[in-house]
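Spelled out, the chains give:
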Amino acid sequence: MAHAHTDPLAIRNQPALWEGRRRRWLVPAGVLCLVAVAMLAATLTMQIIIPWSGIVLTVGLYLTMVGCAIWVRDAHRRNLAFAWLMGAMAIVPALALVLITLGETQRY
């Protein structure tokens, strides 16, 4: 069995985490942010607090990615931060939509 540092298929050895330009992460994250905000904005007629919380957190995570792109110079550390932030950007709106759905199903 190969060790993780020599295994090219290990997640921590993927090229996107070690090299690449900032836009490799910022462009897809921007699209994800726009889709998430649009979905949460569409639920504002059902509830107020959860969609707004999801919108604020999602936009905040994207702005954190932009800040990370500006201030973190080491590509590996920056890309690791991008991966975690983008993962959080996927989880936050999904969780918000689940909570909205659960809230709406409890009404009826």
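Right above here is the structure, for reference.
Quick summary incoming for the structure in this document. (Residues numbered from 1 in each chain as written. Predicted model: local features only at pLDDT ≥ 70, side-chain atom pairs only at ≥ 80, totals over all residues. Heavy atoms only, no water.)

Some points on the overall build of the protein chain
- Of regular secondary structure, the protein chain possesses four helices and zero strands.
- For the protein chain, the N- to C-terminal ordering of α and β elements is α-α-α-α.
- Each of the 108 residues in the protein chain was classed as buried or not, and the buried ones make up 30%.
- Within the protein chain, contacts between residues at least 6 apart in sequence are counted, and of these 68% link residues at least 24 apart.
- Just so you have it, the protein chain exposes about 7,300 Å², and 72% of that area is on carbon and sulfur atoms. (Helix = DSSP H or I, 4+ residues; strand = E, 2+ residues; numbered from the N terminus. Buried < 20%, exposed > 50% of the residue type's maximum accessible area, 1.4 Å probe, protein only. Contact = heavy atoms within 4.5 Å. Areas by Shrake-Rupley, 256 points an atom, 1.4 Å probe, with all protein chains shown as cover.)

Here we look at the packing of helix H3 (residues 49–71) against helix H4 (residues 75–107)
- In contact at an axis separation of 9 Å, H3 and H4 are set at 175 degrees when each is read in the N-to-C sense. As summarised for this structure, H3 and H4 are arranged roughly antiparallel, according to the angle between their axes. Listed contacts from H4 to Ile50, Pro51, Gly54, Leu57, Thr58, Leu61, Tyr62, Thr64, Met65, Cys68 and Ala69 of H3 are Arg78, Ala81, Phe82, Leu85, Met86, Ala88, Met89, Val92, Pro93, Ala96, Leu99 and Ile100.
- Each residue belonging to the contact of H3 with H4 can be placed in one class, and the counts come to 19 nonpolar, three polar and one charged. (Axes fitted to C-alpha atoms, helices over the stretch in contact; angles between N-to-C directions. Parallel < 35°, antiparallel > 145°, perpendicular 65-115°, else oblique. Nonpolar A, V, L, I, M, F, W, Y, C, P; charged D, E, K, R; others polar.)

Considerations on the packing of helix H2 (residues 23–42) against H4
- H4 packs onto H2 with a crossing angle of 10 degrees between their chain directions and a minimal axis gap of 11 Å. On the basis of the axis angle, H2 is roughly parallel to H4. Here H2 runs over H4; the crossing is left-handed. Judged by residue contacts, Trp25, Leu26, Pro28, Ala29, Leu32, Cys33, Ala36, Met39 and Leu40 of H2 engage Asn79, Phe82, Ala83, Met86, Met89, Ala90, Pro93, Ala96, Leu97 and Ile100 from H4.
- Tallied by class, residues from the contact of H2 with H4 come to 18 nonpolar, one polar and no charged. (Left-handed = near helix turned anticlockwise from the far one by under 90°.)

Let's talk about H3
- Between its first and last C-alpha, H3 extends 32 Å over 23 residues, near the 33 Å set by a 1.5 Å rise per residue.
- The complete set of buried residues in H3 reads Pro51, Gly54, Ile55, Thr58, Leu61, Met65, Gly67, Cys68 and Ala69.
- In this structure, the buried side of H3 is in contact with H2 and H4. (Expected span 1.5 Å × (residues − 1).)

Everything listed here is a matter of coordinates, which is why it stays silent on function.
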